[in-house]
Amino acid sequence: MSVAMKYSDVQVEKIVYNKTPKKNENEKHSYVGIFYPKKEENKYGKLAFFTPKLQCSFTENYVHFFIPASEKKDPFYKFVLSVDQMNVHTASENSEDWFGSDLLDEDVQDKYKYSVKVGDMSQHGRVFSSKVRKDDKDQSMLKVYNQNKELCDVSSVANKEVVALVELDRLVFSKHTYKAEWVVHQLKVYEPKVVKEPEPEPEPEPEPPKPEFEESFSNNDELLDYDDDSD
């Protein structure tokens, strides 16, 4: 079971790794499992976290999240980078078990494929990609929800921001490189906020016409000096 939380609440230094690489029968590459402590003492699960609101695109097996260079999004980029750095540091400490030889720290770092690609995807400066799991029938297991928590189609994501539930699954080792494998489980789609234009101020109402006798008095200076002496 996963341990889910906001990405900003993750304490990267608490991540733990299997010491010995494993290999599944149907996979070419070996891997090292990654885990995170649960609230219960001495229990661990997969680390899952919620991203900030980001735009994304899809390829067959991946969701690509775009991280703009901004004050609001930089903390998420730094979080992913800190996980990468933790992966490299731990690989250096376990290089003999994980790579079959005691490598220099710089060689371990050179082999690592960092999780955020810079300068890819045309206009998007930083791209963080997460794998989409498939079921036994090779169908996507990704769930997409709207703000009312209703399931919706992937096409509804276009040009909108999403919050994703992403799992840090494992380190995968190929012949010359290794990398973190992230898995995206859910997307919550946010409709863009509609900015209401201010309503125009109402036209001032015209003043009602003055009574005839007021107009005649105000326009006749002689009446101002009139003094009625009659008894």
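Structure first, text after, so check above.
Residues numbered from 1 in each chain as written. Predicted model: local features only at pLDDT ≥ 70, side-chain atom pairs only at ≥ 80, totals over all residues. Heavy atoms only, no water.

A. Representation of the packing of aromatic side chains within the structure. A complete count under the given rule lists 16 aromatic pairs for this structure. Measuring from ring centre to ring centre gives 5.2 Å for Phe 99 and Tyr 178, while their planes differ by 70 degrees; the resulting arrangement is edge-to-face. With Phe 99 in helix α2 (residues 95-99) and Tyr 178 in strand β12 (residues 178-190), this residue pair connects regions lying 79 residues apart in the sequence. Looking at Phe 99, the relative accessible area reads 23%, which means it is partly exposed. For Tyr 178, a relative accessible area of 1% gives the class buried. With centroids separated by 5.3 Å and ring planes inclined at 5 degrees, the aromatic side chains of Phe 173 and Tyr 178 adopt a geometry described as stacked. Each member of the pair Phe 173 and Tyr 178 is classed as buried. The positively charged end of Arg 126 is found above the aromatic ring belonging to Tyr 77, 4.3 Å away from the centroid. Over the aromatic face of Tyr 31 sits the side chain of Arg 170, whose NZ or CZ is 4.7 Å from the ring centroid. (Phe/Tyr/Trp six-rings, centres within 6.5 Å; stacked < 30°, edge-to-face > 60°. Helix = DSSP H or I, 4+ residues; strand = E, 2+ residues; numbered from the N terminus. Buried < 20%, exposed > 50% of the residue type's maximum accessible area, 1.4 Å probe, protein only. Lys NZ or Arg CZ within 6 Å of the ring centre and 35° of its normal.)

B. Up close: unusual backbone geometry. Here Asp 138, not a glycine, exhibits a phi torsion of approximately 65 degrees, which is positive. In this fold, Asp 138 is placed in the loop between β9 (126-131) and β10 (143-145). Even without being a glycine, Asn 159 presents a positive backbone phi close to 60 degrees. Mapped onto the secondary structure, Asn 159 falls in the loop between β10 and β11 (161-173).

C. Inspection of the side chain of Lys 46 at higher detail. With respect to the element layout, Lys 46 can be found in strand β4 (residues 44-50). Among the polar contacts listed, one links the side chain of Lys 46 to the backbone oxygen of Ile 34, at a separation of 3.5 Å. (Polar contact = N/O pair within 3.5 Å; in protein donor to acceptor, adjacent residues only side chain to side chain.)

D. Region of the structure containing the pattern of salt bridges. Counted according to the given criterion, the structure contains 10 salt bridges. Put simply, Asp 169 and Lys 46 hold a salt bridge, and the shortest N to O gap is 3.3 Å. On the criterion of sequence distance, the pair formed by Asp 169 in strand β11 and Lys 46 in strand β4 is long-range, its members being 123 residues apart. Each member of the pair Asp 169 and Lys 46 is classed as buried. Across the pair Glu 181 and Arg 170 runs a salt bridge, and its minimum N-O distance is 3.0 Å. Pair noted here: Glu 181 is in strand β12 and Arg 170 is in strand β11, with a separation of 11 residues, a long-range link. (Salt bridge = Lys/Arg side-chain N within 4 Å of Asp/Glu carboxyl O.)

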